[in-house]
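Structural features, examined
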Amino acid sequence: MSTGTPPLPNPPAKPQVKSLHCPQCGAAITLRSFQQAVTVVCESCHSVLDARDPTLKILQQFQAATGELAPIVPLGTRGKLRGTDYEVIGFQRRSIESDGVRYDWHEYLLFNPYKGFRYLSEYQGHWNDITVCKDLPILRTGLVPSANYLGEVYRHFQTAEATTGYVIGEFPWQVRVGERATVTDYVHPPRVLSCEQGSGETTWSVGEYTYPQEIWKAFNLPGQPPEPIGVFENQPAPATVSLRQAWLAFLLLTVFLLGLMAFNDMVASKEPVFSANYQLAPGAPKGEASFVTDVFELKGRTSNVEIKTAANVSNSWIYLNYALINQDTGKAWDFGREVSYYSGRDSDGSWTEGSRSDTVIVPSVPPGHYYLRIEPEADARHPQISYSVLIRRDVPVFKFYGYALLALFLPVLYVTFKSISFERARWSESDHPILQTESD
Amino acid sequence: MFSPLYLLYGFFVLGCVGMAEYRGWSMDAMNEVKNVPRSIRDNPGAYRGIYSSYHHYTGGK
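Residues numbered from 1 in each chain as written. Chains lettered and ligands numbered in written order. Predicted model: local features only at pLDDT ≥ 70, side-chain atom pairs only at ≥ 80, totals over all residues. Heavy atoms only, no water.

With respect to the overall build of chain A
Cut-off, in case you're wondering: We count a stretch as a helix when DSSP gives it H or I for four or more residues in a row; a strand needs E for two or more, and each element gets its number in order from the N terminus. Exposed residues in this analysis have more than 50% of their type's maximum accessible area, buried residues have under 20%, and partly exposed residues fall in between, with area computed by a 1.4 Å probe over protein chains only. Residue contacts are counted whenever heavy atoms from the two residues lie within 4.5 Å of one another.
Regarding its fold elements, chain A presents three helices and 26 strands. Taken along the three principal axes of its C-alpha coordinates, chain A extends 120 × 55 × 40 Å. Counting the 440 residues in chain A, one finds 52% classified as buried. In chain A, the share of contacts with a sequence separation of at least 24, taken over all contacts with a separation of at least 6, comes to 64%.

And the structure:
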């Protein structure tokens, strides 16, 4: 949002409050900015008076709307903002209308005899600390127009017709209720650049998003500030996250992960230590179905063991109860694996289900002498099933890399989603309600 | 602030993967049994794993 159209004044020689009386109602009027004041508004009868006229000539009189909100920071309040003492000397309510809805915001005029004027704007709990630009921004046209100010690019946010609806206090310009100006805002969070055109004048101001707590602290206001509503045009994203950096970090880590995968695949021995073919006779087993393999040796450090089973099943299954047993220690890894494969044709065409092979990884198996106990099972009316068992030592587990990639991706996805939601909310209030991110 | 923390987290994840690969971890369900009798080599039927008769019939489409 923008301020009014004040030129920067020359600082007065000596700060002194001047007391006068309203020619309309006789109420006391205090001039806090001395000869800097161009107009002063009587708080009692809402007469806009010419502060430069010794008799305080009445310039305008307006009827304040019932229920007009009093300034959150009362006139005359002094506070220290960014290290400088200021006094609140003026307050105005301005509004724009969009799609038949009126949006009001409030502007506070602050004065320091040596530093001049400064402005605060407040919209639904969002505050901006505003000063008049020291340099003229350079405008650029395009799909989304922009303005370059002091080396920073501000994107066009909104252009609207602002109307002054209520004023009290004093102002260094000819303030009027009903005054209209075209306000164009460009944003570069946490800053906003505002161009205000009206009465043949163009004024540029730059504002910085200020958290309400800072305002409360600066002016020693009672209680807690109301929670800001929605996302404001130049409100910084809640998390100080650069999406570009986050994605770059993700890419870097992914490259490391792929490198780690290639390295582990290269150094893994993948040594075949046992291989055998077996037959499961058709029908119900006659006698004990379980058997044990020859003893094989697992060498090297404690590592995994891969057991791959392949069977010539077709519209049938075979289930194998396995136990990998350490002959030396009596420790066993007990597990069951099923190999099943089905295929056919129906109205949707041909289909298949399952697989003729299965792989399982036995974790952290110390070196030693091992054998496998195998107990095959199948359907009672099964045909003869041939199956093979291949055991390999120290194989890479690619599942880990998939899960790791997911673990790396989820935080980036989360911050991206949060950032997009925030920017979507920000830009939905603009003239360009399209998806744009702060880091673009 | 996100990136240093995220990088730290990322290298922790990579470290876990490296450790899992080095130690030979697995995600497959397995039951560890201690002190299996040596007689199994002579009488395999004497041993019954907990996965015995745990099969399921998928039955096709």
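Here we look at the domain arrangement of chain A
A common way to report how large an interface is uses the accessible area buried once the components associate. Residue and element names in this part refer to chain A. For clarity, the threshold we go by: Where each domain begins and ends is defined by an automated method or by a domain database. Here's the idea: put two parts together, see how much 1.4 Å probe accessible area each one loses, and the total over both is what we call buried area. Salt bridge, as applied in this entry: a Lys or Arg side-chain nitrogen positioned within 4 Å of an Asp or Glu carboxyl oxygen.
Entries for chain A in the domain assignment read domain 1 (18-218), domain 2 (241-268 + 402-440) and domain 3 (270-395). On the domain 2 side, the residues contacting the ten residues of domain 1 number nine residues. In this assembly, domain 1 packs against domain 2 so that about 860 Å² is buried in total across both faces, 54% of it on carbon and sulfur atoms. Seen at the junction of domain 1 and domain 2, the total is zero salt bridges. In terms of residues, the side of domain 1 that touches domain 2 owes the most to one element, strand S13 (residues 152-171), which gives five residues.

Observations regarding the interface of chain A and chain B
Applicable threshold: Polar contact criterion, stated in full: a pair of N or O atoms within 3.5 Å, where within protein one must be able to donate a hydrogen and the other to accept it, and residues adjacent in sequence count only if both atoms are side-chain atoms.
Each side of the interface is counted separately: chain A has 68 residues, and chain B has 49 residues. In this assembly, chain A packs against chain B so that about 5,000 Å² is buried in total across both faces, 58% of it on carbon and sulfur atoms. The largest per-residue losses of area from chain A upon contact with chain B belong to A:Leu253, A:Asp334 and A:Phe400, which jointly make up 14% of the total buried on that side. For the interface between chain A and chain B, the tally reads two salt bridges. Residue B:Asp28 pairs with A:Lys399 through a salt bridge whose shortest N-O separation is 3.8 Å. Here chain A is connected to chain B by 21 residue pairs in polar contact (both at pLDDT 80 or more).

With respect to the confidence of the model for chain B
The test is simple: The predictor attaches a confidence to each residue, called pLDDT, with possible values from 0 through 100.
Summing up the model confidence of chain B, the mean pLDDT is 82 and the portion of residues at 70 or higher is 77%. Overall fold confidence (pTM) sits at 0.71, and the ipTM for the predicted complex is 0.85.

Comments concerning the sheet that holds strand S17 (residues 271-280) of chain A
All names here are of chain A. Keep this limit in mind: The criterion for strand pairing is that DSSP finds at least two bridges linking the strands in question. Orientation is described by lines fitted to C-alpha atoms, with helices fitted over the stretch in contact, and by angles between N-to-C directions that extend from 0 to 180 degrees.
As summarised here, the arrangement of the four strands in space is S17-S26-S20-S24, forming an open sheet in which the pairing is antiparallel. Each edge of the open sheet is held by one strand with a lone partner, namely S17 and strand S24 (357-365). Going from strand to strand, the sheet's axes swing by 15° on average, the running direction of each strand aside. Direction of pairing for strand S20 (residues 303-311) relative to S24: antiparallel, over a ladder of seven bridges. When the sheet's bridge partners are listed, Val305 is paired in S24 with Val362.

Observations regarding a nonpolar patch on the surface
The criterion, for reference: Residues enter patches when their relative accessible area tops 30% and they take part in no salt bridge; the joining distance is 9 Å for like charges and 5 Å for the nonpolar side chains Val, Leu, Ile, Met, Phe, Trp and Tyr. Only the protein chains shown count as covering a residue, and every accessible area follows the Shrake-Rupley method with a 1.4 Å probe.
Nonpolar side chains collect at one region of the surface, where A:Tyr403, A:Leu406, A:Leu410, A:Leu413 and B:Met27 lie side by side and expose about 470 Å² of accessible area between them. Examined against the element boundaries, A:Leu413 turns out to sit in helix H3 (residues 398-427).

A word on the state of the cysteines
Basically, it comes down to this: Only a pair of cysteine sulfur atoms within 2.5 Å qualifies as a disulfide here.
One pass over the structure, following the stated rule, counts zero disulfides over all chains. The thiol of A:Cys22 is unpaired, and the distance to the nearest cysteine sulfur, on A:Cys45, comes to 3.5 Å.

Remarks on helix H2 (residues 243-267) of chain A
Quick reminder of the rule: The span you would expect from a helix comes to 1.5 Å times its residue count less one.
Compared with an ideal rise of 1.5 Å per residue, which puts 25 residues at 36 Å, H2(A) spans 36 Å between its outermost C-alpha atoms and is within 8% of the ideal. Listed as buried for H2(A) are A:Leu243, A:Ala246, A:Ala249, A:Phe250, A:Leu253, A:Thr254, A:Leu257 and A:Asn264.

Here's the deal with the environment of A:Gln158
Residues and elements named next belong to chain A. Of note, Gln158 is situated in strand S13. The class for Gln158 is buried, based on a relative accessible area of 15%. Put simply, Gln158 and Glu97 are 61 residues apart on the chain and 12 Å apart in space, counted from C-alpha to C-alpha. Those residues in contact with Gln158 that lie beyond four places of it in its chain are Ile96, Val183, Thr184, Asp185, Glu429 and Asp431.

So, the packing of aromatic side chains
The test is simple: Two aromatic rings, drawn from Phe, Tyr or Trp (for Trp, its six-membered ring), form a pair once their centres lie within 6.5 Å of each other, and the interplanar angle then sorts them: stacked below 30 degrees, edge-to-face above 60, tilted otherwise. We count a charge as sitting over a ring when the NZ of a lysine or the CZ of an arginine lies within 6 Å of the ring centre and within 35 degrees of the ring normal.
According to the stated counting rule, one finds 21 aromatic pairs over all chains in the structure shown. Of the aromatic side chains, those joined through ring pairs into one cluster are A:Phe91, A:Tyr108, A:Trp127, A:Tyr166 and A:Trp216. A cation over an aromatic ring shows up here: A:Arg301 above the ring of B:Tyr22, its NZ or CZ 4.4 Å from the ring centre. Sitting above the plane of the A:Tyr371 ring, B:Arg41 keeps its charged end 4.6 Å from the centroid.

A word on the nonpolar core
Soluble globular proteins tend to pack their nonpolar side chains together in the buried interior. Just so we agree on the cut-off: Nonpolar core, defined: a set of buried Ala, Val, Leu, Ile, Met, Phe, Trp, Tyr and Cys residues in which side-chain atoms within 4.5 Å join the residues together.
Counting 32 residues, the largest nonpolar core has A:Val73, A:Tyr108, A:Leu110, A:Leu120, A:Val167, A:Ile215 and A:Phe219 as its most contacted members. Elements supplying a minimum of two residues to this core: strand S7 (84-98), strand S8 (101-112), strand S9 (116-123), strand S10 (126-132), S13 and helix H1 (212-218) of chain A. If we ignore the near neighbours within four places in the chain, the residues touching A:Val73 are A:Val88, A:Tyr108, A:Trp127, A:Ile215, A:Phe219 and A:Leu221. Judged by nonpolar contacts, the second largest core, of 30 residues, contains A:Ala276, A:Tyr278, A:Leu372 and B:Met30.

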